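Each chain is listed here by its residues.
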Amino acid sequence: MTILSTEPRGTAALLVNTAGQYLLHLRDANKVICDPGTWSIPGGDREGEESCRQAVERELLEKTGLNVPLEPLTVVNPHGATGDKGQIQVYIGSWDGEDSSLPCPEGLMFKFFDAETTAFLTMCPWTADVIALHQKTAPVPAPRSATARARAGRSGTRLNVIGVHLYLEGEDGRILLGRRHPDVAFASDHFHFLAGHLETEGAKAGLIREAEEEAGLTIAPEDLELIHTVHMLDEGENTDRQPRLGLIFRARTWSGTPEVREPDKCVEWIWADPARLPAPMVTYTQVAIEAIGRGETYTELGWS
């Protein structure tokens, strides 16, 4: 007997930084979606037998690459452009990273705003209500100067996004690479490992899932060996970008022939000679492949 959950179908996450700003998501304007063209907060519906917490954590990771502690805040009853959407369980969390560092696979952008500025934005009505409620029940601290925020970002604890990557080597020594779709937010039209972000799972389980979802490959956990780790921070003037940890596993054996299963993300799989890599390559992918060829197990990028 299946017991249907009585939790709200929709979920969303309100993220606040220590400067007192809310992370908002600009939704597409010309699509048949709820509240098009408005500033809202990331989220989405539960899938299958997911709980609200599982759904909001998955949606936040898929839309932002973030995995932050969340607590229930409120339940709202939105009425968007497409009618009554049903209840949404809203969670609250804290994140002090740089908004421009976030991927945006849906919508147009993410950006931090203080509560006062939201009054001048085209806001999703229920999101505006959520921010107003949060202001009344748990007012955020007064904004600090940009200099103070930068110091805090350099010295404070920061969450690291963890990605898993597959180093699949054929009998002839060539390795499997995928060419990313021209329209993806990260590294469009570049060659990259088969890779993905971890959900609520171990690293090997996450890579096994990604290999099946992206390329139809079956790999056993005991056949995966961690061969290289890349700890990276984007270079440039922006010191508040979120660090990323890339775990690269070699598969000793596998079953299946690589096929394009997510054509909106990857347009082809190729077998490439690691000594003559195709161009253009994702920078850290190329650096990692070259380091693996030298027998090195760890690389740092962007920290100097």
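Higher on the page you've got the structure.
Residues numbered from 1 in each chain as written. Predicted model: local features only at pLDDT ≥ 70, side-chain atom pairs only at ≥ 80, totals over all residues. Heavy atoms only, no water.

1. Some words on the overall build of the protein
Quick reminder of the rule: Every helix listed is a DSSP run of H or I at least four residues long, and every strand listed is a run of E at least two residues long, numbered separately from the N terminus. Residue contacts follow a heavy-atom distance rule, with two residues in contact if any of their heavy atoms lie within 4.5 Å.
Counting its regular elements, the protein contains six helices and 17 strands. Summarising the internal contacts of the protein: among those between residues at least 6 apart in sequence, 69% fall at separations of at least 24.

2. Describing the sheet that holds strand β14 (residues 224-232)
What counts, and what does not: Whether two strands pair comes down to DSSP finding at least two bridges between them. Lines fitted to C-alpha atoms define the axes here, with helix axes fitted over just the stretch in contact, and angles between the N-to-C directions of these axes take values from 0 to 180 degrees.
The five strands are arranged β13-β10-β15-β14-β17 in an open sheet whose pairing can be described as mixed. Each edge of the open sheet is held by one strand with a lone partner, namely β13 (194-197) and β17 (298-301). Strand-to-strand twist of the sheet, defined as the mean angle between neighbouring strand axes without regard to direction, takes the value 20 degrees. Relative to strand β15 (residues 244-251), strand β10 (residues 161-167) is paired through seven bridges, and the arrangement is parallel. Within β15, the position partnered with L166 by the bridge is F249.

3. Points about the nonpolar core
This is how the line gets drawn: Grouping buried Ala, Val, Leu, Ile, Met, Phe, Trp, Tyr and Cys residues that are joined through side-chain atoms within 4.5 Å yields what is termed a nonpolar core. Whether a residue is buried, partly exposed or exposed follows from its accessible area with a 1.4 Å probe, protein chains only, as a fraction of its type maximum: under 20%, in between, or over 50%, in that order.
Formed by 19 residues in total, the largest nonpolar core has its most connected members in L14, Y22, L24, I41, V90, W126 and I131. Listing elements by their share of this core, those giving two or more residues are β1 (10-16), β2 (21-26), β8 (88-94) and α3 (125-137). The residues touching W126, leaving out its near neighbours within four places in the chain, are A12, D35, S40, I41, V76, P78, I88 and V90. The next biggest cluster of nonpolar side chains, apart from the first, holds 18 residues, and it includes I175, A187, F193 and I227.

4. Side note on the environment of I208
Inspection of the secondary structure puts I208 in helix α5 (residues 203-215). Expressed as a C-alpha distance, the spacing of I208 and T218, which sit ten residues apart in the sequence, is 7.0 Å. The residues contacting I208, other than those within four sequence positions of it, are I219, A220, P221 and L224.

5. Section: the packing of aromatic side chains
Two descriptors summarise a pair of aromatic rings, namely the distance from one centre to the other and the angle between the planes of the rings. In plain terms, the rule: For Phe, Tyr and Trp, where Trp contributes only its six-membered ring, two rings pair if their centres lie within 6.5 Å, and the inter-plane angle classes them as stacked under 30 degrees, edge-to-face over 60, or tilted in between.
Tallied over the entire structure, the rule returns four aromatic pairs. The interplanar angle of 75 degrees and the centroid separation of 5.0 Å between the aromatic rings of W39 and F113 together place this pair among those described as edge-to-face. Within this pair, whereas W39 is found in strand β3 (residues 39-40), its partner F113 is found in strand β9 (residues 109-114), the two being separated by 74 residues in sequence. Taking 6.3 Å as the distance between ring centres and 25 degrees as the angle between the ring planes, the aromatic pair formed by W254 and W271 counts as stacked. Placement of W254 in the loop between β15 and β16 (266-272) and of W271 in strand β16 is noted, with a sequence separation of 17 residues between them.

6. Describing the pattern of salt bridges
As a reminder, the rule being used: For this analysis, a salt bridge means a side-chain nitrogen from Lys or Arg found within 4 Å of a carboxyl oxygen belonging to Asp or Glu.
Counted by the stated rule, this structure contains 20 salt bridges. Between R58 and E50 there is a salt bridge, and its shortest N-O distance comes to 2.6 Å. As far as the burial class goes, R58 and E50 line up, both buried. Between E259 and R261 there is a salt bridge, with the nearest N and O atoms lying 3.3 Å from each other. For E259, a relative accessible area of 39% puts it in the partly exposed group. A cluster of three or more residues bridged by salt bridges with shared partners is formed by E47, E50, R58, E59, E62, K63 and E106.

7. Structural notes on helix α6 (residues 283-293)
Quick reminder of the rule: Here the arc refers to the directions that run from the helix axis out to each C-beta atom.
Among the residues of α6, those classed as buried are Y284, T285, A288, I289, A291 and I292. Projected down its long axis, α6 shows its buried positions confined to an angular sector of 165 degrees, all on one face. Summarising the geometry of α6, the exposed residues directed more than 90 degrees from the buried face are T283 and G293. The elements touched by buried residues of α6 are β10, β11 (175-180), β12 (191-192), β14, β15 and β17.

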